[in-house]
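# Geometric and topological summary
Now for the letters of each chain:
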Amino acid sequence: MLSRVADNLYWMSRYLERAEHTSRLIAVKLESMIEQSPGEAEISWHRVVTALNGGKFVPSTAADAFEITRALAFEPFNSCSLIACLRLARDNARQVREQISTEMWNRLNRLYLKLTPVDLANVWNDQPGYIFRETVEELHMLEGTTYSTMRHGEGWHFIQLGRYIERAQLVSRLLDLHFGPASRADAQPNYLDWLVLLRFCTAFEAYCKVYTATIRSDRIAEFLLFDAEFPHSVRFAIERLTEALTRVAIGAPAARRAACERLAGRLKASMDFGQIDELMGGTIDIFLANISAQCEQIHEAVYAAYIGYDAETVL
Amino acid sequence: MSRPPLSCHTSHMQQTLFAIAGGLTQPANAGPYANYALGQAYDEMFTPEGVVRPYYEELHQRVGELPTDELRRRQQACEQSFLHQGITFTVYGENQSTERIIPTDLLPRIITAAEWARMEAGLKQRIQALNLFLLDIYAEGRVLKDGLVPRALIYGSKHYRREMRGLPVPHGAYVNVCGTDLIRREDGTFVVLEDNLRVPSGVSYMLANRDVVRRAFPALFRTAGVRPIEHYPQDLLATLKSLAPFQDDVSIAVLSPGVFNSAYFEHAFLARQMGVELVEGRDLVVNDNAVYARTTSGLKKVDVIYRRIDDDFIDPLAFRSDSTLGVPGIFNAYRAGNVVIANAPGTGVADDKAVYAYVPRLIRYYLSEEPILDSVETFLCREPKSLSHVLANLDKLVVKAVGESGGYGMLIGPHASKSERDAFAQKLKVEPENYIAQPTIQLSTAPCFVDGVIEPRHVDLRPFVLTGERTTIAPGALTRVALKRGSLVVNSSQGGGSKDTWVLSA
C-alpha cells in the first residue's frame, strides 16, 4: 500500500473518531443540562471544553451554552470542532477515493454536506441535542459500512489503527479530567457527573451489566480503563491498535516492524497488568499521561517505519 | 477540460434563433416542448419541419407524458447523485471555497448505429494517421522531407519534444488516450473540431451520466437498445497493459496532480475502476533509471504510468524545473525503457491548430485513404492563396493564432468592427504563418430540460479513442452542452453541462 494512502486512511479514521467523540460529548452534555444547576452546568461544560480542546475558540463566560456548542461544533476556524474534523476526514477520504468503497464515501460525504449548512440557531430551541445524536448514529453507520464494504486488508487495518490510537487518547483525557488533579480540587464530580461520564463513553448500560447500577467512581475508572470487552475502554482500544499494528506493512523489514510492535507490546502489558486499586491512591493522572505519551510514541514510530521513511535508506 | 471555448467558432445563432413553435401543428409538440424553438442549426430531436426523428420518438413521447414536477424530481435526483458521489469541481472564493457539480441534463442524446459506425471508422482512421505522423516526425521526418508539412511548423512548435527523437514507443502508439471533439453541421454530418492528444478528460462524466440517466429512465433504456459503455475502464486497463514490455504482473498506476486538480475525481475514479494505484508525483521515486512507488512495505516498481499531468510538469529535470507535481528523473527512466508513460510525451505537437488543417492530407499520405470524417475547412494563412482569401473575407471568418488556446489572439470576423478587422489584417500580412482561419460554424442543438421546460441547447461530442496494441472505442461519448440559451460555450467553467449519449445497437 502506498505510504501516502496509509497516511490518509489513518488520519481519516482519527478525525472520524474525534468527530464521533465530539458529537457524543455535546449531545450528552446538552441532554443532561436540564438536570443540572447553573453552577454544576458550568463546571461540566468546562470539562467538555477541556476534553475537546476547545481552548481559545470558546467564550470564557462559560454560561452561554449556545455559544459554547456553536464553537465546539460549527466553528470552522476551530480545528477541533465537529465540522472541522468532518471536513478533514473528508479531505483525507477524497485523496484516497479509489481505496475506500463508494458506499463509505457517499455516507461520509452526505453527512458532511448535511452538516455544513446547519445553522445552530434554527435547531437550538427545539431539541438541541438531537442533531448531535443523529451525527453519532450516522458515524456508527459509516463504521458499519466500512466494516462490511471494504476489504479487511492493510488499508482497513490502518483505519483501525487510527481509530483506536485516537480513542485511547480521548478516553484517557476524559478520565484525567474526572479522576486527575482537576477533580481533586474544587470541582469534585457528583453522582450526575459520574452518570454523564459513562454516557460520554456510551458506557452506562455496559457498566450496569458488569457492576449493576451502583455508581462508584473507582468502578467507573476500572471499567473505562481496564475492561477487556467494552469498545470504549482504554484497554480495549490498546489491544485493537496492537493487533492492527501486527497486520500492517507485512512486507516491511523486520527491524522496522519491531520498533513499532515493541512500543505497542509494552503499552499493552501495562494495561493487561494494571490494578485500579493502586492507581486510585493518587497515581492515576501519571498513569493516564503515560498512556497518552506512549500512544504518541507509537504514532511516531509508525511514521518513521512505514510512512515518512527516507527512500535512500531502503535502496 | 482545457481547450478553447467553442465560442471561437462563433455563429449568427444569437440573431437567427427564431420561434417556429406557433407553426408546429404536430400534437407531439405540446406539453414540455411547447416553447421548443428550432433555429438554423441541426436539431438532434426534430427535423427542420418540426417532426420528431424516428429514433427519438420513444424518448420524446415518454418525456411528454411526464408531468413537469416529475421531470424536475428526476433531474434533481441526477444532480443529488453527482453531489453525493463527489463529482464536483471546486470554485475558490475569498473566504471559503464551494463545490459545484457540472450540471448533467436529464435527456439523453441519441446517435444511430449507422452514424456511429461511420464515426468509429473515421476516428480509427484518424488516430492511426496521427500516430504514424508522430512516429514519422520523431524519427526520419519523411513527411517533412516530402514537403507535405512545413518543417518550421513542427520544429518551431512549443509542443515538439526534441527529447523524444529516435525513441521507440510500444506499438508505435504515441496517443493512447485521445478525446476527439466533433460537432454536427447543419446538414447533419459530423466534423472533427479538435483532436485532444495530450491528457484529455471527461470520460468519467460519460460513465457517470450513463449511471444516473439509466436510473432516471429505466424502462426506456431497456427498450431502446443502447450499447453498453461500462467496459471502458477494462479497455483502458488492457490498453495500458499492452504497452508493457512483459505481460505478467504489470504494475500500472494513474499519475494525478492531486486533489486540487479539477479532474481529480476522474483520476481517482479511473484508478478505482481499473483496480490500479492512484499516485501523485510525491509518491514516486526514481532510482537507477527505474520508477518506484513508496509503500508501507518499502519501494515497489512501477511499469506503466497513465499520467494525467502535462508534459511540461512531468519531470522537473527534463522539462519545467519549477514543477512540483512531477517526478525528478522519470523521463530518463522512460528513455531507458524501464517505464512506459501514456500518453507519450510530445503528442501535443499533433493537436496544434495549424497541424489540424493538415490532418486530411496526412490521412491520404500515410494511409492512401480518403478521410472518412471531415474536418472544419481551415485556411492556412501561410499559403498565399489562402491568405488572400482570408483577407478578402475577414468579415465572415474566425481567425486564430496558431499555438494559442483559450481564445487568445483571435478575431471573430462577424462580430468585429471595421477598424478591428483592418488592424488584424495588418498582423496577418506581417506574420501569415502564425494564423489560420475557419468559417463560422453552427453547433447542433439537442433538447435540454432547463428551468422546467424543454429547450434546444448547443452540443458537441467527445468520444474517447484508446490505442495500444489495437484501437478500441467505447460506443458512447461525452456530449457537452452550452446550458445558456444561444450560447456556444460548452466548457464546464463557463456554464457548460453534459448529457448522457446513447449509441443505438440497431
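Thresholds applied
Residues numbered from 1 in each chain as written. Chains lettered and ligands numbered in written order. Predicted model: local features only at pLDDT ≥ 70, side-chain atom pairs only at ≥ 80, totals over all residues. Contact = placed C-beta atoms within 7 Å. Helix = DSSP H or I, 4+ residues; strand = E, 2+ residues; numbered from the N terminus. Nonpolar A, V, L, I, M, F, W, Y, C, P; charged D, E, K, R; others polar. Core = buried A, V, L, I, M, F, W, Y, C linked by C-beta atoms within 7 Å. Buried ≥ 20, exposed ≤ 12 C-beta atoms within 10 Å, placed from the backbone. Pairing = 2+ DSSP bridges. Domains from an automatic or database assignment.

## Quick look at the interface of chain B and chain A
Opposite the 22 residues of chain B that make contact, chain A presents 24 residues. Top contributing element to the side of chain B that touches chain A by residue count: strand 7 (residues 277-280) of chain B, with four residues. Considered class by class, the residues forming the side of chain B that touches chain A number nine nonpolar, eight polar and five charged.

## Points about the nonpolar core
Ranked by size, the top nonpolar core spans 241 residues in total, and within it Ala168(A) and Leu241(A) carry the most contacts. Contacts of Leu241(A), omitting those with residues within four sequence positions, involve Leu161(A), Tyr164(A), Ile165(A), Ala168(A) and Ala264(A).

## Details of the pairing of strand 23 (residues 496-503) of chain B
Residues and elements named next belong to chain B. Counted residue by residue, strand 23 has eight buried out of eight residues, so it is predominantly covered. Sheet analysis places strand 3 (residues 104-111) next to strand 23, joined by five bridges and oriented parallel. Across the sheet, Thr104 pairs through a bridge with Ser498, a residue of strand 23. Of the strand pairs in this sheet, strand 22 (residues 479-482) and strand 23 are connected by four bridges, and their pairing is antiparallel.

## Things to note about the domain arrangement of chain A
All names here are of chain A. Its domain assignment divides chain A into domain 1 (1-150) and domain 2 (152-315). If you average the C-alpha positions of domain 1 and of domain 2, the two centres end up 20 Å apart. At the interface, 27 residues of domain 1 touch 24 residues of domain 2. For the side of domain 1 that touches domain 2, the secondary-structure elements that each account for two or more residues are helix 1 (3-32) and helix 2 (38-51). Per-element tally for the side of domain 1 that touches domain 2: the top contributor is helix 1, with 16 residues. Taken together, the residues of the side of domain 1 that touches domain 2 sort by class into 11 nonpolar, nine polar and seven charged.

## Here we look at the domain arrangement of chain B
With domains assigned, chain B is organised as domain 1 (246-336) and domain 2 (377-439). A straight line from the C-alpha centre of domain 1 of chain B to that of domain 2 of chain B covers 41 Å.

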